[in-house]
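Single-letter residue listing:
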Amino acid sequence: MKKCKLLLFDLDGTLLQSDKTISTRTLSALKKCRGNDILIGVSTSRSEQNSLVFLNELMPDILISSGGALVKYKTEYIYRAEFSEEETNVMIDMARNICGNDCEITIDTIDAHYWNYKIDPKKLDKSWGDSIYTDFSDFNECSLKMCVEIFNQDKADKLARSLSDCDCIRFSDGFWYKFTKKNVTKENAIMKITEVCGFSTDSIIAFGDDYADIGMLELCGTGVAMGNAIDEVKERADIVIGSNDEEGIADFIENEILYQISAKYKYNGDESSAFKYIEPIYRKLKEYTDMEIQENIKDYEFYMTFAASILGSLGEYEESNIISNKIIRAQLQYGRIGEIHYNLFNIAWNKNEVSHNKKAYIDSLYQCMLCSQMCNDGYFENRYGARMTYFLTG
């Protein structure tokens with residue numbers, strides 16, 4: 001995975017849990033990413049005004065709203081794609097002529113969100129931003145996006161054909177259809193961001209769950225589908241993670257991004273900073289039972305071995321040995337003999353640091369060497385043999 005410079009999230013069904021909140025664990029992981037010069041961005045079909053409760057909590061560096069019609073970098077709008085007042089009224093009239101005068105319509109402007117709702121949306125979703133009620137009979141504003149609720153597919157198709165100068169897409173969780181200017185999409189908005197920020201789309205990891213996210217996931221260096229995403233999104237994504245209610249994003253960030261940051265500090269000799277970023281993984285793995293580790297050995301052993309190594313370097317020898325022993329038991333059960341010597345060596349090193357007992361250290365190194373012989377690992381066999389010779393003759 002190329003070095004990440006921007007994490008870009010859809011809101012509903014992705015960054016937001018079903019209760020329309022961002023988990024504390026996810027916020028903590030994002031804060032650590034930002035502390036390592038990774039930008040945080042939101043790419044949503046919601047209007048900016050309807051997202052304020054989340055934006056105030058997240059404080060994103062980049063905001064793509066209204067399905068790509070409005071793009072903000074830091075505090076400055078760098079792109080907008082508006083319908084004129086006349087175009088907006090033509091669209092509203094067309095929707096009513098085809099779908100009926102009582103069809104529900106929403107209009108996004110830069111400053112507000114308008115809706116001829118039958119039920120106040122805040123009664124259904126308390127996180128919903130302020131929607132201004134209007135019957136659109138005398139509407140005289142430019143707009144970024146129109147959404148129409150259409151229950152009949154034939155009428156939806158007819159409206160899309162009639163508004164051929166618009167980009168139309170359906171939201172999978174209901175019967176709402178989004179209309180923006182032609183070619184105004186999340187992925188085209190991302191290109192505006194790369195022009196300003198000076199990095200390529202390869203440096204972006206994007207997360208989504210719905211039809212409007214497919215182009216975005218395909219464009220970016222890594223496209224991540226949520227476990228709750230529709231099948232069409234999962235099929236086109238590079239990676240599928242846990243759902244929005246299963247800490248899928250937090251798991252991905254901790255295991256893939258923060259782990260890489262931790263390794264960077266580890267190899268630069270800054271063990272304390274390394275552990276800061278590996279700690280969320282370590283805390284989680286520490287709670288797992290031997291059976292859980294055994295069942296997921298290929299996913300867990302590398303992280304656990306790395307955490308044990310850092311803990312030993314920090315002088316947390318007992319904690320390091322607990323982790324090493326846990327993973328060794330699982331490796332034995334799974335038959336991963338070739339990987340055990342890493343953890344045996346962690347234990348040997350820890351014991352020597354505590355007792356300064358050369359014999360105990362040599363005995364443990366001998367175990368490592370035997371393990372290496374069993375898996376025909378000549379490199380480690382010779383390495384441990386050389387260390388034993390050094391201690392025996394030193």
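Treat the numbers as computed from the prediction; the structure is a model and nothing was measured.

Chemist: Pulling in residues and values, what's your account of the overall build of the protein?
Modeler: The number of helices and strands found in the protein is 17 helices and 14 strands. For the protein, the residues scored as buried account for 53% of the 394 residues in total. Within the protein, contacts between residues at least 6 apart in sequence are counted, and of these 58% link residues at least 24 apart. By element, 47% of the accessible surface of the protein is carried by carbon and sulfur atoms, the whole surface being about 18600 Å².

Chemist: Before we move on, could you go through the packing of aromatic side chains and cite the residues and values that matter?
Modeler: All chains considered together, the criterion is met by eight aromatic pairs. Ring centres 5.2 Å apart and planes at 70° place the aromatic pair Tyr-117 and Tyr-133 in the edge-to-face group. Of the two residues, Tyr-117 sits in the loop between β7 (113–115) and α5 (121–124) while Tyr-133 sits in strand β8 (residues 132–133), which places them 16 residues apart along the sequence. In this structure Tyr-117 comes out as buried when scored by relative accessible area, which is 18%. You can call Tyr-133 partly exposed: its relative accessible area is 46%.

Chemist: Please provide a residue-by-residue account of the confidence of the model for the protein, values included.
Modeler: Taken over all residues, the pLDDT of the protein has a mean of 84, while the share at 70 or more is 82%. Confidence drops under pLDDT 50 across residues 377–381; counting only partners more than four residues distant or on other chains, this segment forms eight contacts. Counting interchain partners and residues more than four positions distant, the pLDDT-below-50 stretch residues 387–394 has 12 contacts.

Chemist: Summarise the sheet that holds strand β9 (residues 145–149); cite the residues concerned and give the values.
Modeler: Pairing is mixed in the open sheet, where six strands are placed in the order β8-β7-β6-β9-β11-β10. Taken across any chain shown, the strands that pair with only one partner, and hence form the sheet edges, are β8 and β10 (166–170). Taken together, the four bridges between β9 and strand β11 (residues 176–181) define a ladder with antiparallel strand orientation. Bridge pairing in β11 links Val-148 to Tyr-177. Packed on one face of the sheet, helix α4 (residues 85–99) meets β6 (105–108), β9, β10 and β11 and runs near 165° to β6.

Chemist: Now, about helix α7 (residues 186–197): what can you tell me, with residues and values included?
Modeler: A rise of 1.5 Å per residue sets the reference length of α7, with its 12 residues, at 16 Å; its end C-alpha atoms lie 16 Å apart and thus fit the reference within 8%. For α7, every residue scored as buried is listed here: Lys-186, Ala-189, Ile-190, Ile-193 and Thr-194. When α7 is viewed along its axis, its buried side chains cluster within an angular range of 150° and face the same direction. Following α7 by one or two positions, Gly-198 has its phi on the positive side, about 80°.

Conventions used here
Residues numbered from 1 in each chain as written. Predicted model: local features only at pLDDT ≥ 70, side-chain atom pairs only at ≥ 80, totals over all residues. Heavy atoms only, no water. Helix = DSSP H or I, 4+ residues; strand = E, 2+ residues; numbered from the N terminus. Buried < 20%, exposed > 50% of the residue type's maximum accessible area, 1.4 Å probe, protein only. Contact = heavy atoms within 4.5 Å. Areas by Shrake-Rupley, 256 points an atom, 1.4 Å probe, with all protein chains shown as cover. Phe/Tyr/Trp six-rings, centres within 6.5 Å; stacked < 30°, edge-to-face > 60°. pLDDT = per-residue confidence, 0-100. Pairing = 2+ DSSP bridges. Axes fitted to C-alpha atoms, helices over the stretch in contact; angles between N-to-C directions. Expected span 1.5 Å × (residues − 1). Arc of directions from axis to C-beta.

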